[in-house]
Amino acid sequence: MIPQYLVDFDLREIPRVQTDCIVIGSGIAGLFTAIQASKDRRVVMITKKSVMESNTRYAQGGIAAVIAEDDSPAYHRQDTLMAGAGLCSSAAVDVLVNEGPEGVHELIRLGTLFDKEDGVLALTQEGAHSHRRILHANGDATGYEIVRALAEQVAEHENIEVWDDHYVIDLITENGECVGVLLQRSGGGRLFLQGDATILCSGGAGQLYRYTTNPEVATGDGVAIAYRAGAQVRDMEFIQFHPTALSYPGAPRFLISEALRGEGAVLRNIKGERFMDRYHELLELAPRDIVARAIVSEMELTKSTFVYLDITHKSSDLVKHRFPTIYETCMGYGLDITTDWIPVAPAAHYMMGGIKTDLYGESSLSRLFACGEVSSTGLHGANRLASNSLSEAVVFGRRIIERIRELAPLEREVLSVSSRLGRSESPTQAIVERRLKLQKVMVRYAGLRRNQEMLLKGLEELKRQLPIFGSMLSKREEYEFANMLTCSLLVTESALAREESRGAHYREDYPQRDDAQWQKHLLQIRELGLVEELSDDV
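Residues numbered from 1 in each chain as written. Predicted model: local features only at pLDDT ≥ 70, side-chain atom pairs only at ≥ 80, totals over all residues. Heavy atoms only, no water.

Q: When you look at the pattern of salt bridges in this model, what are you seeing that I'm missing?
A: Here the structure, examined in full by the defined rule, presents 48 salt bridges. Note that Glu258 and Arg261 form a salt bridge whose closest N and O atoms lie 3.9 Å from each other. The buried category is assigned to Glu258, whose relative accessible area is 2%. For Arg261, a relative accessible area of 3% corresponds to the buried category. One network of salt bridges, with partners in common, ties together Glu237, Arg498, Glu500, Arg502, Arg513 and Asp515. (Salt bridge = Lys/Arg side-chain N within 4 Å of Asp/Glu carboxyl O. Buried < 20%, exposed > 50% of the residue type's maximum accessible area, 1.4 Å probe, protein only.)

Q: Sorry if this is basic, but what is going on with the side chain of Glu106 here?
A: Within the secondary structure, Glu106 sits in helix α3 (residues 90-109). Among the polar contacts listed, one links the side chain of Glu106 to the side chain of Gln36, at a separation of 3.4 Å. Glu106 has contacts with Phe32, Gln36 and Lys39, leaving out every residue within four places of it along the chain. (Helix = DSSP H or I, 4+ residues; strand = E, 2+ residues; numbered from the N terminus. Polar contact = N/O pair within 3.5 Å; in protein donor to acceptor, adjacent residues only side chain to side chain. Contact = heavy atoms within 4.5 Å.)

Q: For this particular structure, what's the right way to read the packing of helix α1 (residues 28-37) against helix α10 (residues 388-404)?
A: Helix-helix packing is characterised by the crossing angle of the two axes and by the distance between the axes. For the pair α1 and α10, interaxial distance at closest approach is 9 Å and the crossing angle is 30°. Between α1 and α10, the angle falls in the class roughly parallel. Here α1 and α10 pass one another in a crossing that is right-handed. Contacts between α1 and α10 pair Ile28, Ala29, Phe32, Thr33, Gln36 and Ala37 from the former with Leu390, Ala393, Val394, Gly397, Arg398 and Ile401 from the latter. (Axes fitted to C-alpha atoms, helices over the stretch in contact; angles between N-to-C directions. Parallel < 35°, antiparallel > 145°, perpendicular 65-115°, else oblique. Left-handed = near helix turned anticlockwise from the far one by under 90°.)

Q: Where do I start with α3 in this structure?
A: Side chains three or four residues apart in an α-helix point the same way, a direct result of the helix having 3.6 residues per turn. Between its terminal C-alpha atoms α3 stretches 29 Å, which fits the 28 Å expected from 20 residues at 1.5 Å a residue. At Gly100, α3 shows its maximal bend, which comes to roughly 45°, and the proline Pro101 appears one to four places after that position. Turning to α3, its buried residues number three or more, namely Ser90, Ala92, Val93, Val95, Leu96, Val97, Gly100, Pro101, Gly103, Val104, Glu106 and Leu107. Where α3 is buried, its residues meet α1, β4 (63-64), α2 (73-83), β8 (134-135), α4 (142-156) and α10. Gly111, located one to two residues past α3, shows a positive phi value of around 110°. (Expected span 1.5 Å × (residues − 1). Bend = angle between axes of the 7 residues up to and from the residue.)

Structure (structure tokens):
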């Protein structure tokens, strides 16, 4: 079994710092939540690299909210439920669609400059949305603009300390409560940070896969440390693969935003044929899981490693104005998207599952909260609707702080926690080799298409790495690998258990959705294993 703590320690021998609120992560969830908490609390924000490095920074498409007069929360609700394939929590969806517009206006008040047309907020449309409700900034640099504005607010706030280049090794628990975190400091050495509330905003786990749109920091740390601490983790089988990541020699799997298809870009196979009419009535604007599998099917039929995304029929000025980041990035590799078709293929993009929370972001472990991609609020179900992620972080970030204000302070000093497993040997195999092998296993056996034989083989390969938990770990890359292994096991085990196809989870041996048997969630709890939970909308 995976142990509660990654390292041996005794809190009596470690320096300590106390604060009111601990925020782990610096994407939109971490920044926004820290700002809200700092109005009446001392906040320490921890980032393992820097404030500007997160999944949010690379978010292109935008943020979904009902702004237009011809739109309504009812339409947004309907679209979210459809994309979620029967596993959304309708209560969570209602919270998002009704509170999302105010969240957007709060971002504006905090300095975010969304694009406007004729003095009015500009809106675009993305896959599976029935209306134009996606706000964007600098064309296709929405995430960067939000992080810029919020980071400036954080830097100026006297109640917020930012600890860059610090790594959270584990959550410290006592008497069934999360009482703080065990940190590795930037210069080495460990520290115990005690807090009244701990908020995990650590993002996703795209680095579990060799091909991903996520930055290198997205190693599933939050889910892994929460799972080890005893919190319930839910729906880890649902990994969203973005249909269109750049697939070009020498280039990273750079995200090619869904907004291109929202503005009329079409998909073509290597023969130049449009193909989405064979897969879904919404064509290029079908839900992401359907588009991603359609692309893989076309790649197999044409024996190719990519398909094309074509926006050359739109005016050059529109493309350059609307998608400056994508245009300039592709130009750097010799691709002019105003005249050239863009070679694309699916890549791991977003984790729908995560730490199970209630509608106020609280996990099953007292004093531990989760916000953003690391959480499972029930909003996304089996397949996230495009651009709902940034909205979720803002809406539930506000709710978390409402709940924290009701918490009694942790008035005792935590002293007695320790871990003594007698670890003495460092890992023998190079971590970089282990990491690459894990990523290959996940792509091969637990990727876009799955079956029992593949998943069992994947589990067998992953379990060979379990001795890492008995090793003496001391470096960030070692902790990251242990967290990646934890998340990979959670994904693969839950994918094996769910014997149906639903949303982003596709089983070749169970190709149909089965509501009679599987309209339920899968919980994973370290000391209990895998537990089924009925969907609250059954």
